[in-house]
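# Breakdown of the fold
So the chains spell out like this:
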Amino acid sequence: MTTSRLDLGHGIGLRTRHFAQFMAGRPPVDWVEAVTENFMAPGGRPISVLEKVRAEVPVVLHGVSLAIGSVDPIPERYLAALQAVVKRIEPALVSDHLCWGAHRGQYVHDLLPLPYTEESLAHVASRVHEVQERLGRQLLLENPSSYVAYRDSSMTEWEFLAELTRRSGCGILLDVNNVHVSAHNHGFDPQEYLRGIPVDRVGYFHLAGHSDKGKYLLDSHDHSVPAAVWELYRAALHRFGRVPSLVEWDEAIPPLDEVVAESRRAAAIETEVLAPAERRLAS
Amino acid sequence: MTLAETQALFHEILTSAEPVAAERIEACFAGTPDHPASERVAIYANMYLWRLVDALRETFPQLVRYLGDERFAALAEDYLRRNPSDHHDVGQVGRRLAAFLREHPDPERPDLADLAELEWARHQVFFAPPAEPVGPDAFAGLDPASFSRTGLVLSPALRVLVLDHAAAPLWRSLEDGEPPDAPSPGASAVAVWRGGFDVFHTPLALDEAIALEGAASGDSLATICAAFTGREDPAAAAHAALGSWLAEGWITAVAQPRDVLAALDRRVARR
């Protein structure tokens, strides 16, 4: 299974602070990404807003609680709720994270890294199969940002992701900021990471800001996309070509215009990087 | 270590009140000389509580106002140690907070459990399924004989609470930034509901709360109205109550009791 690279353009995360503007009109974004669990409730304002937005622009559902790497069985309650919201919204793509976050029925509500071992690989691949069969569609998994590694890991994160997508058919949501953050925290070369990711498996990019905590970078999503992440985005465009992008902003969320401006900047950079190559191809 | 053993250790590091021995951490996790593994896993451990306390803050804003940030955080940490999240939606993590406060009451404010129950109900109805209320003439044409055969389907976005203290005035004082009155013990009922996307609550007389609870469990209109027999004019009281339920949009169907029960079954199955 290859990943269908949809021509979505450049979007932003749908956040409560901007609901009123989305209800009042159609903000200038190509598409939006919604955090799946925030829209699983059958009623109330959030799902009404999402249905209104869905009628106007493509929506991608992006989960945070699937816990694809947990050894716990995936709860039926979660799968049923995921299936229901996917059926209701008919999203362009469905994504979650390469992580774990539930243990013996308890959720820690965090995206914890996995040891990159053969055991983890077989486990996650079989769970991706389970979810994809249940949904009847491809799942995309996002590379996490991480602050700690495991002694038992026998392969790099990019090797793990590349093999996982080969075995399970899942797509990759490549979070450019997470590559930068994890590269800094673990001391690997982010360019090597990009080179290790199969080009035809990447469905979309995430772009976001992070915070410098001295000894480490924190994936905080609390300000604009920093220069280093824009630089890595350029490198990713060179490697992967035209890929939809999504700007995430989750803390200290600014007015909508400011988030949209980040998305327009992603579009401008894409044009700047890819237009010369596309002109050469056309001639 | 197996994947299961690794996850058990990481989970223990995040959730245990006691620190995990450094040797166990160093045996599993890799660090660097300037940033050892124990400091790295502590990043996750600190975020674990912060994230859940933050979710509780959003659900219980008046409790936060009353206690202040520091006392609320201490309460939340105590609660979370005994009641870790068992739902994929982090917004559900507070559903046992009122019960926790009943088991561990604040000696000066035993009514905080009731305030928490009210805030939790407000949170629940915000996300409840939508349902179209019946019109104002829903009871037109019902003759007295039909009363014994007819029941009500209430809005899924309505909760009736019977509390140990008057929580609504406490909520109002906190909302308005006024100093709250002393706790007011005694049974007190509140209706909480959503209208459009807004959440409301209002105090109820106890007999009206009993009538609503009966309606919610499939009682006929005759039984519902019998709840008002203690009033000076029971028929007028029942009429006024039914009229206000209609006006607030709390009734979504007027139906045979068996249809009411079928609607309740469907609602339970959806949960």
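Right, let's walk through the structure included here. (Residues numbered from 1 in each chain as written. Chains lettered and ligands numbered in written order. Predicted model: local features only at pLDDT ≥ 70, side-chain atom pairs only at ≥ 80, totals over all residues. Heavy atoms only, no water.)

## Observations regarding the overall build of chain B
For chain B, the helix and strand inventory stands at 11 helices and 6 strands. Expected size for 271 residues packed as a compact globule is a radius of gyration near 18 Å; at 24 Å, chain B overshoots this value by more than 25%. With the C-alpha coordinates of chain B rotated into their principal frame, the extents come out at 85 × 45 × 30 Å. The proportion of buried residues among the 271 residues of chain B is 46%. (Helix = DSSP H or I, 4+ residues; strand = E, 2+ residues; numbered from the N terminus. Rg over C-alpha atoms; globule rule 2.2 N^0.38 Å. Buried < 20%, exposed > 50% of the residue type's maximum accessible area, 1.4 Å probe, protein only.)

## So, empty space enclosed by the protein
All names here are of chain A. Applying the stated criterion across every chain yields a total of 2 cavities of 30 Å³ or more. Of the pockets and cavities examined, the largest cavity occupies roughly 50 Å³. For the largest cavity, the full set of lining residues is Val64, Ser65, Ala67, Cys99, Trp100, Gly101, Tyr107, His109, Asp110 and Leu111. Where the lining of the largest cavity is concerned, the elements lending two or more residues are strand E5 (100-103) and strand E6 (106-112). With 4 residues, the top contributor of residues to the lining of the largest cavity is E6. The residue inventory of the lining of the largest cavity, partitioned by class, reads 6 nonpolar, 3 polar and 1 charged. If you add up the space inside the second largest cavity, you get close to 30 Å³. (1 Å grid on protein atoms, 1.4 Å probe; cavity = no way out; pocket = protein on both sides within 12 Å on 5 of 7 lines; lining within 4 Å. Points joined across faces, edges and corners; volume = space filled by probe spheres on them. Nonpolar A, V, L, I, M, F, W, Y, C, P; charged D, E, K, R; others polar.)

## Notes on the sheet that holds strand E9 (residues 171-175) of chain A
Residue and element names in this part refer to chain A. If you trace the 8 strands once around the closed barrel, you get E1-E2-E3-E4-E7-E9-E10-E13, paired in parallel fashion. This sheet shows a mean twist of 30° between the axes of neighbouring strands, independent of strand direction. In the sheet, strand E3 (residues 59-62) pairs with strand E4 (residues 93-97) via 3 bridges, with the strands oriented parallel. Paired with His62 across the strands is Ser95, a residue of E4. Against the sheet, helix H8 (residues 227-240) makes contact with strand E1 (10-13), E9, strand E10 (202-207) and strand E13 (245-247), and its axis sits at roughly 170° relative to E10, the strand it touches most. Across the sheet, helix H9 (residues 256-282) touches E1, E10 and E13, and the angle it forms with E1 is around 150°. (Pairing = 2+ DSSP bridges. Axes fitted to C-alpha atoms, helices over the stretch in contact; angles between N-to-C directions. Contact = heavy atoms within 4.5 Å.)

## Digging into the nonpolar core
Counting 136 residues, the largest nonpolar core has A:Leu164, A:Leu174, A:Phe205, B:Phe29 and B:Leu63 as the members making the most contacts within it. Per element, the largest residue contribution to this core is 12 residues, and it comes from helix H3 (residues 37-59) of chain B. Residues in contact with B:Leu63, not counting those within four places in the same chain, are B:Phe72, B:Leu75, B:Leu97, B:Leu101, B:Leu112, B:Leu115, B:Ala116 and B:Glu119. (Core = buried A, V, L, I, M, F, W, Y, C linked by side-chain atoms within 4.5 Å.)

## Side note on the interface of chain A and chain B
Each side of the interface is counted separately: chain A has 48 residues, and chain B has 42 residues. When chain A packs against chain B, close to 3900 Å² is buried across both sides, 62% of that on carbon and sulfur atoms. Taken together, the connections running from chain A to chain B amount to 2 salt bridges. Between A:Asp110 and B:Arg51 there is a salt bridge, with the nearest N and O atoms lying 3.4 Å from each other. Between the two partners, chain A and chain B, sit 22 residue pairs in polar contact (both at pLDDT 80 or more). At the level of elements, helix H2 (45-54), helix H3 (76-89), E5, E6, helix H4 (118-135), strand E8 (149-150) and helix H6 (176-186) of chain A are the ones that each hand at least two residues to the side of chain A that touches chain B. Among the elements that take part in the side of chain A that touches chain B, E6(A) stands out by supplying 7 residues, more than any other. A class-by-class count of the residues in the side of chain A that touches chain B yields 23 nonpolar, 16 polar and 9 charged. Pairing analysis gives 2 bridges linking E8(A) to strand E1 (residues 29-30) of chain B, with the strands arranged antiparallel. Among the inter-strand pairings, A:Tyr150 is bridged to a residue of E1(B), identified as B:Phe29. (Buried area = accessible area lost by both parts, 1.4 Å probe. Salt bridge = Lys/Arg side-chain N within 4 Å of Asp/Glu carboxyl O. Polar contact = N/O pair within 3.5 Å; in protein donor to acceptor, adjacent residues only side chain to side chain.)

## Let's talk about the pattern of salt bridges
Applying the stated criterion across every chain yields a total of 27 salt bridges over all chains. The closest approach of N and O atoms between B:Glu39 and A:Lys215, which form a salt bridge, is 2.9 Å. Of the two residues, B:Glu39 sits in helix H3 while A:Lys215 sits in the loop between strand E11 (211-212) and strand E12 (217-218), which places them in two different chains. A relative accessible area of 42% places A:Lys215 in the partly exposed class. Close ionic contact of B:Arg109 with B:Asp111 constitutes a salt bridge, the shortest N to O distance being 2.6 Å.

## Things to note about the side chain of B:Gln7
Structurally, B:Gln7 can be placed in helix H1 (residues 3-15). A residue is classified by how much of its surface remains accessible, and B:Gln7, at 1% relative accessible area, is buried. Apart from residues no more than four positions distant in its own chain, B:Gln7 is found in contact with A:Gly69, A:Ser70, A:Val71, A:Trp100, A:Ala102, A:His103 and A:Leu114.

## As for the packing of helix H8 (residues 206-216) of chain B against helix H10 (residues 234-248) of chain B
Residues and elements named next belong to chain B. Contact geometry for H8 and H10: axes closest at 11 Å, N-to-C directions at 60°. Judged on the interaxial angle alone, H10 and H8 are oblique. Along this stretch, H8 crosses H10, giving a crossing that reads as right-handed. Between H8, through Glu208, Ala211, Leu212 and Ala215, and H10, the contact on the second element is made entirely by Ala241, Ser244 and Trp245. (Parallel < 35°, antiparallel > 145°, perpendicular 65-115°, else oblique. Left-handed = near helix turned anticlockwise from the far one by under 90°.)

## Things to note about the environment of B:Ala37
Within the fold, B:Ala37 resides in helix H3. In this structure B:Ala37 comes out as buried when scored by relative accessible area, which is 0%. Counting along the chain gives 168 residues from B:Ala37 to B:Ala205, while the straight-line C-alpha distance between them is 59 Å. Contact partners of B:Ala37, with chain neighbours within four places excluded, come to A:Val148, B:Ile25, B:Glu26, B:Phe29, B:Ala30 and B:Gly31.

## A word on the sheet that holds strand E3 (residues 158-165) of chain B
Residue and element names in this part refer to chain B. With antiparallel pairing, the 3 strands of this open sheet are ordered in space as E3-E4-E5. Whereas interior strands pair on both sides, the edge strands pair on one side only; in this sheet they are E3 and strand E5 (198-204). Across the sheet, the axes of successive neighbouring strands diverge by a mean angle of 25°, strand direction being ignored. Sitting on the sheet, helix H7 (residues 167-175) is in contact with E3, strand E4 (185-195) and E5, with an inclination near 135° to E5.

## Thoughts on the packing of aromatic side chains
Residue and element names in this part refer to chain A. Enumeration according to the criterion identifies 20 aromatic pairs over all chains in this entry. An angle of 50° between the planes, with centres 6.5 Å apart, marks the rings of Phe19 and Phe39 as tilted. Taken as a pair, Phe19 in helix H1 (residues 19-24) and Phe39 in the loop between strand E2 (32-35) and H2 lie far apart in primary sequence, 20 residues in all. The class of Phe19 is buried, set by a relative accessible area of 3%. (Phe/Tyr/Trp six-rings, centres within 6.5 Å; stacked < 30°, edge-to-face > 60°.)

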